[in-house]
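This is what each chain is made of:
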Amino acid sequence: MFSERRYDIVVIGAGLLGCFAARNLRRWKVSVALIEEREDVCTGISRANTAIIYSGYDHKPGTLKAKMTVQANARMDQLCRELDVPFSRCGSLMVSYGEKADAILKQKLHSGIQNGVPGLRLLSGPEAEQMEPALAHGVRSALYAPTAGTLNPWALGIAAFENACQNSADAFLKTTVLDISAVCGDYCVKTDRGNFLCRAVVNCAGLASDRVQKLLFPSPVSLSINAGDYLILDKTSRPMPRYILQYEPEEDDKGISVVPTVEGSLLVGPSERDGRPDYATDTEGLSFVRRQLRELLPDLRVDSVIRSFAAARPNPQRPDGSSIGSFVIEHPAHAFWSLIGIKTPGLTCADELGLYLAEKIAAELDADENTAFAPRRNGIPGVRGLEFAQRKELVQKNADYGEILCPCEEVTKAEVLEAIRRGACTVDAVKRRVGTGMGRCQGARCQQKIIAILSQELGIPESAVTKDGKGTEILYHGAS
Ligand SMILES: Cc1cc2nc3c(=O)[nH]c(=O)nc-3n(C[C@H](O)[C@H](O)[C@H](O)COP(=O)(O)OP(=O)(O)OC[C@H]3O[C@@H](n4cnc5c(N)ncnc54)[C@H](O)[C@@H]3O)c2cc1C
């Protein structure tokens, strides 16, 4: 507990949006504190989503969302190179099996062209089936977006977080914002660990962003939360689709997406249902996802499901309960910004939104550019996919690269130790950094070993190591 700290800017919430806001704010000469109530970053909405980098045909032409999505997509290769995050620009096919869906695809083609989405094409059914033979026969048309892609959302968020810290943003995890007040033209952000005096506040509190704004200002927007269920199929699933598939069903149902992930598994979902933000899955929701998957890819072996999970959606609403869609950027007062209900495409646009906010706030605070900003961050080197000679070289430098802890994903002790050195303090935090427990056995073979290493490295008994939730105190000191 401390009594008071002073920063130029406090960012509340370390999901994808908060991490990118903090990173981009450090492009200016301002001090930044990133405050997160959980023990790790990207454990909220950013942990559970569809992982698609959208091409930008889905949004109303002329809107900020449409412009940002197309721009963010175009810059994704460079961003992922800078942050050392794997990105697969595999392209997407939105498929139609009926008249109603045909019309929707044509309308999306039209918006996509207006939005400047490169390479967008409406395919005939046979063309689509030739490109993706796993699709159920009878495709009538398909919208092909070659620029769509996928990456691991938490890998991107963690990379942005590490880079923000490398650039001297200070992160306060396990710190909950309780209140905000205005003090002589500045703000006082009150937390359970002390007060932060600052000149600007960026509210990226995800599911709580409406409530955080209401701590100081009235918010014309409230969030109603609903849920969605997903399945993950093992990388041995066959036939594995090559493209991201988006099913536009004839019925009023929302269609699912099928995403061949950068890890090699298949992500399928989501359903849409009333639900609580507790991330518990629902039998009916999962049956819906299975049913749609069978309709779209009938030959796919659905018994290779290795995991299911649920996501929480923040739906912005006006006071009368009517929906606003998504992408609400509130600016209720000088140097106070809130991102409320940024659903899809928040992953795609996380960096763009961060840049947008950083520019606005830098102008409000009259801040100079930080020419020392270093955009590059190195990921944790792994052995997966390496040739024998390359592995040997790594082992010669560090013998811990010779000890495989997670046989499904081929993750070594050296990688786990580096994840802990970079701040991971729970089993899930290690998983999010190096992929342990993400394979077929879902941690059955490595979890106990990870717990033993966490216990040793953190100096706590094994019984105190948690899967998620209660780690050690952390004031992050940056990564290599
Ligand atoms: C179902 C679903 C699927 C999606 N799929 C895609 C997709 O395929 N492609 C795409 O581009 N986008 C997608 N999105 C959008 C994208 O996932 C989000 O926009 C993105 O993850 C941003 O999340 P966030 O940072 O706003 O929230 P979060 O990740 O939830 O972060 C908010 C953080 O604030 C913290 N917090 C809250 N209150 C406080 C407090 N009082 N004090 C301190 N900390 C606090 C929370 O603990 C949390 O860590 C999807 C969204 C949903 C819901």
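Residues numbered from 1 in each chain as written. Predicted model: local features only at pLDDT ≥ 70, side-chain atom pairs only at ≥ 80, totals over all residues. Heavy atoms only, no water.

If you look at the biggest cluster of nonpolar residues, it comprises 73 residues, and the most contacted ones within it are I9, V11, I12, L156, V189, F196 and V202. Looking at this core, the element that brings in the most residues is helix α5 (residues 153-166), giving nine residues. Excluding residues that lie within four positions of it along the chain, F196 makes contacts with F2, R5, Y7, V10, A33, I35, F172, Y187, C188, V189 and T191. In terms of nonpolar packing, the next biggest core, distinct from the first, is built from 26 residues, Y243, L245, F288 and V302 among them. (Core = buried A, V, L, I, M, F, W, Y, C linked by side-chain atoms within 4.5 Å. Buried < 20%, exposed > 50% of the residue type's maximum accessible area, 1.4 Å probe, protein only. Helix = DSSP H or I, 4+ residues; strand = E, 2+ residues; numbered from the N terminus. Contact = heavy atoms within 4.5 Å.)

With that out of the way, let us pick up the side chain of D428. Position of D428 among the secondary structure elements: in helix α11 (residues 427-434). Beyond its immediate sequence surroundings of up to four residues, D428 is in contact with K467 and D468.

What follows is about helix α2 (residues 64-83). A rise of 1.5 Å per residue sets the reference length of α2, with its 20 residues, at 28 Å; its end C-alpha atoms lie only 25 Å apart and thus fall more than 12% short of the reference. The axis of α2 is deflected most strongly, by about 50°, at M76. Looking only at α2, the buried set comprises K65, A66, M68, T69, V70, A72, N73, M76, L79, C80, E82 and L83. One or two positions beyond α2, positive phi appears at D84, with a value near 55°. (Expected span 1.5 Å × (residues − 1). Bend = angle between axes of the 7 residues up to and from the residue.)

Let us now look at the domain arrangement of the protein chain. Per the domain assignment, the segments of the protein chain are domain 1 (4-47 + 154-221 + 324-365), domain 2 (88-149 + 224-316) and domain 3 (388-464). Between the C-alpha centres of domain 1 and domain 3 there is a distance of 31 Å. Taken together, the nine residues of domain 1 in the interface contact eight residues of domain 3. When domain 1 packs against domain 3, close to 760 Å² is buried across both sides, 53% of that on carbon and sulfur atoms. Applying the counting rule to domain 1 against domain 3 returns three salt bridges. E162 serves as the salt-bridge partner of R422, at 2.8 Å between the closest nitrogen and oxygen. Inspection of the domain 1/domain 3 interface yields four residue pairs in polar contact (both at pLDDT 80 or more). (Domains from an automatic or database assignment. Buried area = accessible area lost by both parts, 1.4 Å probe. Salt bridge = Lys/Arg side-chain N within 4 Å of Asp/Glu carboxyl O. Polar contact = N/O pair within 3.5 Å; in protein donor to acceptor, adjacent residues only side chain to side chain.)

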